[in-house]
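Geometric and topological summary
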Amino acid sequence: MASTPETEGQKPKHRPIVRIGIFIIAHSFIVSVVCCTAGVLALLLLPVLAKKTYVSENALMPGSAIPMITDQDVSGANNFINELTSLNSKSQSLNIEIPRLIALHMANLGGEVSYHMFQNQPNKFHPLHFFTSTDTEANNVNQTCESYATNTVGIIRAPRGDGKESIVLVTPYNPVNLSPNETLSLGIAYSVFSLLTQVSWLAKDIIWLAADSQHGQYNSVAAWLKDYHTPSFGGFGKLHDDECHISNDIIEMEVSDTLRRAGTMAAALVIKVANTGEAGEQDALNIYAEASNGQMPNLDLINVVSYLAVHGQGLRVQVDKLVSLLDSTWLKFIGEVFETVGKIARSVNPQWKFGISVKEYVEGSATLVSSLYNQALGVPTGSHGAFRDYQVDAITMEISPKLFSNSKGRQTELLFRGGRLVEGVIRSVNNLLEKFHQSFFLYLLTSSNKFVSVGVYMIAFLLLVAPLPVLAASLFSDTIKSYVKSEKNQPFKSWRWLYPTKTVFLVHLWGAIISLLPYFIYQIPDSQPTSRLLIWASLSLFILIVLGSFFRARSAEWALLKSVTVSSAFIGLCLMSVINFATAEIGALLLVPMCLMTKPWRVAGKVQSALNLVLVIIGFPGATFFVVKSVLGFENGSSLVEFWYWVESLWAWNSATYIYICMVHLPCWILCIYILLHPC
């Protein structure tokens, strides 16, 4: 059928989804403002949207059994504590005598005992440390005998089990300087171990790890886990027999010179008692759950511990919170606004349960910020973090007595309450037929009994980063239109975007290079933290200048450069959200406004230029560190030295945040400065 002149002159109609996309790109400024405002509002609403925790796995059945710990178990624990205290005041070689005493009591209770010798492995930066484990044997060079420590391991074989699963109890202690709270935590584990050697309902093996923490609580557990999961041939005591005389004493007292193993670990509990008590009407239980790179244990494990502590032992459960925010005026103001909105909503419809009290909002926000910070930092909050590297759910339970007292009655009370709590958790985990899987692994805590799931907190992040691809498409579209108009309807050459892409690639290559510089800086002997930081900054600037000679910028191409920069920031933030959401969320709060507002100073007005300058200053990681430290009330030591130690902690713990800062945030920050100074 021949086409008519009318049909030939008509433009083809786009599909509805395409028309929506064109409309959004054409109104990118409005979309950016709306999305960023909604993203910040959604972040502020997270404490309001938090839900009550609940036990998802029915098989756990917390509190369904009556505690079985008896006076005899607690009496034995008291005698054990007295022997530890007496030995601590008399003996000179505590690093040998205390493990020997612990092993003796484990064996007398009927457990299988072995020793695990390990050396302190200092955290040194290595380029491949983020991707592979370090070479332990290589690190043993130049180690002294004082660097050796001894973990004591006791195992109870389950009478109803097949040896394929186990539950781990960890009690860190320092044999060189054994404190009363450490003896009390050992006593709690002893009372539970004493009970479990007699019961018939046990279906999972029990491992009691008395971790020698003279070189750090995390290091002792991590060393044992590494050797536990590594096939070995021969005894650990004989391994270093020729190197240190201390090993001869260890071998003499060993029940077995090989590391004994049980089944696959279903869960792990780190038992601690706080050094000092807290003011209050009841004892408290502090729960620490954050592991490396934002990993969290299954929420059911926290729910079981919290339920048994509150309803079974009458403890006040609390999680870590940022205390400096509790007196924040602006948080109280926001809480009052949400409380008023909630009252109005309930007056309209009583079934609308929106809004919380000001006190709940402030405390929830302080806990949420602490949870975000700990997850973003990527550093474990306790020795339980070592278990998450092996996909084992673990938490640290720290009992904080209202008033720490050495009186016999108070000590017995704490042994009963702590022992019954641990017993209840073990009974619940013992009921599981498979690993924890029912509840959440991705969540943020706003209190001990409230959480925000991944489906809620990702909304704030997605709203924040949504303007980035819209702006990139808008800039690219405007560049095409301006080129066609200026070149008298000449077709736009599609390869022109390769020039700014090369610039963006070189800057990101610079970020990858400077992320490796600390390895070489650490080769400089006797260098101080401040000098290391200055050397790192100087080399980074020199490499940037060298790579900058390859930059190719045209006066009319700053929009294309910004388009590619915004696209790379969007990709980097989205990739980081998969690895560690908390880092991506904080990074988006800093990076998105800077990327959206950046414009050459010759094109932007005075107000926008001033705003760009403020955003660029705050967007620099060092400036952000100092601003956050001053706002939240962290004042510790010299600023430069403290900043360097903070950076050191990131790579020492294999934190992905370090990779993000060097390979995503810093390159985008440099590119934003480059756009600001672009010679239009």
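The rules behind these values
- Residues numbered from 1 in each chain as written.
- Predicted model: local features only at pLDDT ≥ 70, side-chain atom pairs only at ≥ 80, totals over all residues.
- Heavy atoms only, no water.
- pLDDT = per-residue confidence, 0-100.
- Helix = DSSP H or I, 4+ residues; strand = E, 2+ residues; numbered from the N terminus.
- Contact = heavy atoms within 4.5 Å.
- Axes fitted to C-alpha atoms, helices over the stretch in contact; angles between N-to-C directions.
- Parallel < 35°, antiparallel > 145°, perpendicular 65-115°, else oblique.
- Nonpolar A, V, L, I, M, F, W, Y, C, P; charged D, E, K, R; others polar.
- Pairing = 2+ DSSP bridges.
- Core = buried A, V, L, I, M, F, W, Y, C linked by side-chain atoms within 4.5 Å.
- Buried < 20%, exposed > 50% of the residue type's maximum accessible area, 1.4 Å probe, protein only.
- UniProt positions renumbered as here; feature names shortened; annotations may be inferred.
- Salt bridge = Lys/Arg side-chain N within 4 Å of Asp/Glu carboxyl O.

Under an unreviewed UniProt entry, the name given to the protein chain is GPI transamidase component Gaa1, and the source organism is Helianthus annuus.

1. A word on the confidence of the model for the protein chain
On average, residues of the protein chain score 84 in pLDDT, and 84% of them are at 70 or above. By mean pLDDT, helix H7 (residues 136-139) is the weakest element of the protein chain at 43, and strand E4 (residues 165-173) is the strongest at 95. Contacts for the low-pLDDT stretch residues 236-243, under 50 throughout, to residues beyond four places or in other chains number 19 contacts. In this model residues 245-254 is a low-confidence stretch, pLDDT under 50, and it forms 22 contacts with partners more than four residues away in sequence or in other chains.

2. Some words on the packing of helix H23 (residues 581-597) against helix H27 (residues 656-676)
Two quantities define a packed helix pair, namely the angle between the helix axes and the distance between the axes. Across the interface, H23 lies against H27 with an axial gap of 11 Å and an inter-helix angle of 5 degrees. As summarised for this structure, H23 and H27 are arranged roughly parallel, according to the angle between their axes. Each of Thr583, Gly587, Leu590, Leu591, Met594 and Cys595 in H23 lies in contact with H27, whose residues at this interface are Thr657, Tyr660, His665, Cys668, Trp669 and Cys672. Looking at the contact of H23 with H27 residue by residue, the classes come out as eight nonpolar, four polar and no charged.

3. Observations regarding the sheet that holds strand E5 (residues 205-212)
Pairing in this open sheet of eight strands is mixed, and the strands run E2-E3-E5-E4-E6-E9-E7-E8 from one edge to the other. Strands with a single pairing partner mark the edges of an open sheet, and in this sheet they are strand E2 (112-119) and strand E8 (316-319). When strand polarity is set aside, the average angle formed by the axes of neighbouring strands in this sheet is 25 degrees. When strand E7 (residues 284-288) meets E8, the two strands line up parallel, connected through four bridges. When the sheet's bridge partners are listed, Ile287 is paired in E8 with Val319. Of the strands in this sheet, E2, strand E3 (148-156), E4, E5 and strand E6 (264-273) touch helix H9 (residues 217-228), which is tilted by about 135 degrees from E5.

4. So, the nonpolar core
If you look at the biggest cluster of nonpolar residues, it comprises 74 residues, and the most contacted ones within it are Trp510, Trp536 and Leu573. A per-element tally of this core places H27 first, with 14 residues. Those residues in contact with Trp536, other than ones at most four positions away along the chain, are Ile514, Leu517, Pro518, Ile521, Trp644, Val647, Tyr658 and Cys662. If you look at the next biggest cluster of nonpolar residues, it comprises 72 residues, including Leu84, Ala189, Leu299 and Ile426.

5. Quick notes on the UniProt feature "transmembrane region" (unreviewed entry) in the protein chain
Per the UniProt annotation, the sites labelled "transmembrane region" (unreviewed entry) are residues 20-46, 454-477, 497-521, 533-550, 570-592, 613-632 and 652-677. Across residues 497-521 one finds 88% helix and 0% strand; the C-alpha atoms that close the span lie 37 Å apart.

6. Considerations on the pattern of salt bridges
Summed over the entire model, instances satisfying the criterion amount to twelve salt bridges. For Lys204, the salt bridge identified is with Glu165, shortest N-O distance 3.6 Å. A residue pair is termed long-range when its members are at least 10 positions apart, and Lys204 in the loop between helix H8 (180-196) and E5 and Glu165 in strand E4 qualify at 39 residues. Salt-bridge contacts for Asp283 lead to Arg417; the nearest nitrogen and oxygen are separated by 2.9 Å. Of this pair, Asp283 sits in the loop between E6 and E7 while Arg417 sits in helix H16 (residues 408-430), and the two are 134 residues apart along the sequence. Look at Asp283 and you get buried, because its relative accessible area is 1%.

7. Concerning unusual backbone geometry
Outside of glycine, negative phi angles account for most residues, and trans bonds account for most peptide bonds. Even without being glycine, Met61 reaches a positive phi, approximately 45 degrees. Summarising the element assignment, Met61 is placed in the loop between strand E1 (51-52) and helix H5 (71-90). Met61 gets classed as partly exposed once you look at its relative accessible area, which sits at 45%. Look at Asn293: it is not a glycine, yet its phi comes out positive at around 55 degrees. In this structure, Asn293 sits in the loop between E7 and helix H12 (299-312).

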